[in-house]
Amino acid sequence: MAAGYAQLLRTRHAARLLAGTLVGRLPNAVAAIAIVLFVRGEGGSYTLAGVLSAVYGLATAVGQPLLGRAVDLWGQPRVMLPAAVLSALGMALFTVVGVEPLPVAYAAMLVAGVFTPPLEGGLRALWPGVLGREDQVHAAYALDAVAQEIMFTVGPLLVTVSVALWSEATALLVINALGVLGALSVVVSEPSRTWRSAPREAHWLGALRSAGLLALLGSFFFVGMALGSIAVAALAYSDTTGGDTVYGVLMAAVGGGALVGGVVYGARQWPGEPERRLKVLVGLLALGYLPLTLTPAVVPMTVLATLAGVFLAPALACAFVVVDRHAPRGTVTEAFSWLVTTFTVGAAVGTAAAGPAVEHSGTPAGFAVAGAGGVCALLVLLATRRALAVPSGVTESETPAENDRTGAVEPGFRAGHQA
């Protein structure tokens with residue numbers, strides 16, 4: 001298992017692209033906690049901190065597919081690096097003005113969010129040309145999902161350490177400076193510089209004209225909803241069982257389960273169509289969320305939280321493959337960015353729904369939102385099985401990735417941007 005991932009990372013450019021993308025995405029990964037800490041340090045309320053974080057999150061959700069489409073049209077360096085710089089400047093403005101005047105603070109959040117570079121979708125567009133073999137690309141998708149879990153664990157720790165050593169404002173500046181450096185590392189690499197999207201049909205809907213992609217986005221809206229609600233329900237559970245320590249343990253258990261599941265899933269090549277496999281994985285994911293409503297004592301609850309996370313990374317990794325198969329020609333970065341946006345919006349909706357559920361019906365109701373999200377995600381896949389059964393023109397005569405100068409990509413393997 002470890003040998004397979006080691007071989008993947010030894011492939012030229014692979015480790016650099018993965019590391020650069022993760023570092024470049026740090027500002028987005030830690031934005032919520034960094035904004036809250038900064039606003040509280042400036043004397044603002046938690047309500048104001050939440051509103052500013054929401055503005056940033058919604059702006060990011062809007063900006064990702066738009067920037068993804070720009071990348072498909074004009075290439076990665078022309079879009080990614082300027083976007084990273086503008087996003088960092090938005091956060092820098094926020095640290096200078098603080099929460100007063102408030103309209104400037106809102107404007108800074110809008111700029112920082114809208115111009116968050118679509119590095120996640122960009123990396124997945126590069127993998128086929130860098131790795132060449134279909135099994136390695138699928139393993140890379142799994143490794144990507146696992147790396148996200150690590151980033152979302154290490155990132156907040158980095159913020160809190162920076163605040164302890166310097167200040168909330170310095171933490172924001174440092175994280176965003178690292179984000180620019182990560183984006184720079186990606187866009188100056190040969191795969192990023194030479195990558196070109198396939199010619200695309202002019203259409204105002206872009207990637208969204210694919211029925212299969214719309215079905216997938218509908219499903220993963222509910223997966224995001226489930227994950228967002230777990231964060232709130234776990235906090236409510238910890239308030240009655242041991243405070244912040246228990247909350248940290250539960251969230252770490254969910255992340256740890258996802259990490260283990262992703263590593264195991266990506267270590268082998270799975271037979272059959274990924275669309276069918278995705279239904280099974282999402283079904284198992286939903287099955288893992290439902291027992292959380294039992295809210296037992298801390299130790300068994302930690303076990304349940306671990307099991308609830310096991311199928312998250314495999315489901316995401318399989319979804320990346322399905323996006324690749326259903327994205328219309330020339331829209332791969334935009335398509336992956338839509339998945340990020342849909343998942344993010346779903347998480348926000350789940351967070352918003354779990355709060356009232358907990359207040360009116362208790363902690364089990366908060367976890368019930370997660371279970372309902374998982375079940376709805378599966379139902380969407382089952383209801384749209386015909387749309388998912390027809391990938392966007394996969395044939396044995398597909399051309400290789402534009403940056404695959406040596407013809408390494410296997411015949412018949414879609415390189416993400418071909419339809």
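Everything quoted here is computed from the prediction, not taken from an experiment.

Participant: What's the story with the overall build of the protein chain in this structure? I'm lost.
Facilitator: In terms of helices and strands, the protein chain carries 19 helices and 0 strands. By the compact-globule yardstick of 22 Å for 419 residues, the protein chain fits well, its C-alpha radius of gyration being 21 Å. Each principal axis of the C-alpha atoms in the protein chain carries an extent, and together these give about 60 × 45 × 40 Å. The proportion of buried residues among the 419 residues of the protein chain is 53%. Looking at the protein chain alone, contacts between residues at least 24 apart form 81% of all its contacts between residues at least 6 apart.

Participant: Looking at this structure, I do not really get the pattern of salt bridges. What am I missing?
Facilitator: Here the idea is simple: oppositely charged side chains can pair when their charged atoms come close. Counted by the stated rule, this structure contains 8 salt bridges. Within this structure, R25, E120, R124 and D144 form a network of salt bridges that share partners.

Participant: What is the right way to look at helix α7 (residues 102–114) in this model?
Facilitator: Because each turn of an α-helix spans 3.6 residues, side chains separated by three or four positions in sequence point in the same direction. Between its first and last C-alpha, α7 extends 18 Å over 13 residues, near the 18 Å set by a 1.5 Å rise per residue. Listed as buried for α7 are A105, A108, M109, A112 and G113. The arc that holds the buried residues of α7, viewed along the axis, is 125°, so those residues lie on one side.

Participant: Please clarify how the environment of L381 should be interpreted in this entry.
Facilitator: Within the secondary structure layout, L381 lies in helix α18 (residues 363–383). L381 gets classed as buried once you look at its relative accessible area, which sits at 0%. Considered as a pair, L381 and G20 are 361 residues apart in the sequence and their alpha carbons are 33 Å apart. Excluding anything up to four places from it in sequence, L381 contacts S219, L278, K279, V282 and L388.

Participant: What exactly am I supposed to notice about the packing of helix α12 (residues 211–239) against helix α14 (residues 274–289) here?
Facilitator: Geometrically, a packed helix pair is captured by the angle between its two axes and the distance between the axes. Packing of α12 against α14 brings their axes to within 12 Å, and their N-to-C directions diverge by 25°. Looking at the two axes, α12 sits roughly parallel to α14. Taken as a pair, α12 and α14 cross one another with a handedness that is left-handed. Taking contact as the criterion, the partners of L216, F220, V223, A226, L227 and I230 in α12 are, on α14, L278, V282, L285 and Y289. Within the contact of α12 with α14, the residues separate by chemical class into 10 nonpolar, no polar and no charged.

Participant: So what exactly am I meant to see when it comes to unusual backbone geometry here?
Facilitator: Note: most peptide bonds trans; most residues except glycine with negative phi. The amide bond that connects E100 to the next residue, P101, takes the cis arrangement and shows omega of -5°. Assignment of secondary structure puts P101 in the loop between α6 (76–97) and α7. Even without being a glycine, H13 presents a positive backbone phi close to 80°. The topology assignment puts H13 in the loop between α1 (2–10) and α2 (14–24).

Participant: What's the story with a nonpolar patch on the surface in this structure? I'm lost.
Facilitator: On the surface, V280, L284, L287, L290, V375, L379 and L382 cluster together into a nonpolar patch covering about 570 Å² of accessible area. Residue assignment for the nonpolar patch shows that the elements contributing at least two residues are α14 and α18. Mapped onto the secondary structure, L287 falls in helix α14.

Rules behind the numbers
- Residues numbered from 1 in each chain as written.
- Predicted model: local features only at pLDDT ≥ 70, side-chain atom pairs only at ≥ 80, totals over all residues.
- Heavy atoms only, no water.
- Helix = DSSP H or I, 4+ residues; strand = E, 2+ residues; numbered from the N terminus.
- Rg over C-alpha atoms; globule rule 2.2 N^0.38 Å.
- Buried < 20%, exposed > 50% of the residue type's maximum accessible area, 1.4 Å probe, protein only.
- Contact = heavy atoms within 4.5 Å.
- Salt bridge = Lys/Arg side-chain N within 4 Å of Asp/Glu carboxyl O.
- Expected span 1.5 Å × (residues − 1).
- Arc of directions from axis to C-beta.
- Axes fitted to C-alpha atoms, helices over the stretch in contact; angles between N-to-C directions.
- Parallel < 35°, antiparallel > 145°, perpendicular 65-115°, else oblique.
- Left-handed = near helix turned anticlockwise from the far one by under 90°.
- Nonpolar A, V, L, I, M, F, W, Y, C, P; charged D, E, K, R; others polar.
- Patch = residues over 30% accessible without salt bridge, like charges linked within 9 Å, V, L, I, M, F, W, Y side chains within 5 Å.
- Areas by Shrake-Rupley, 256 points an atom, 1.4 Å probe, with all protein chains shown as cover.

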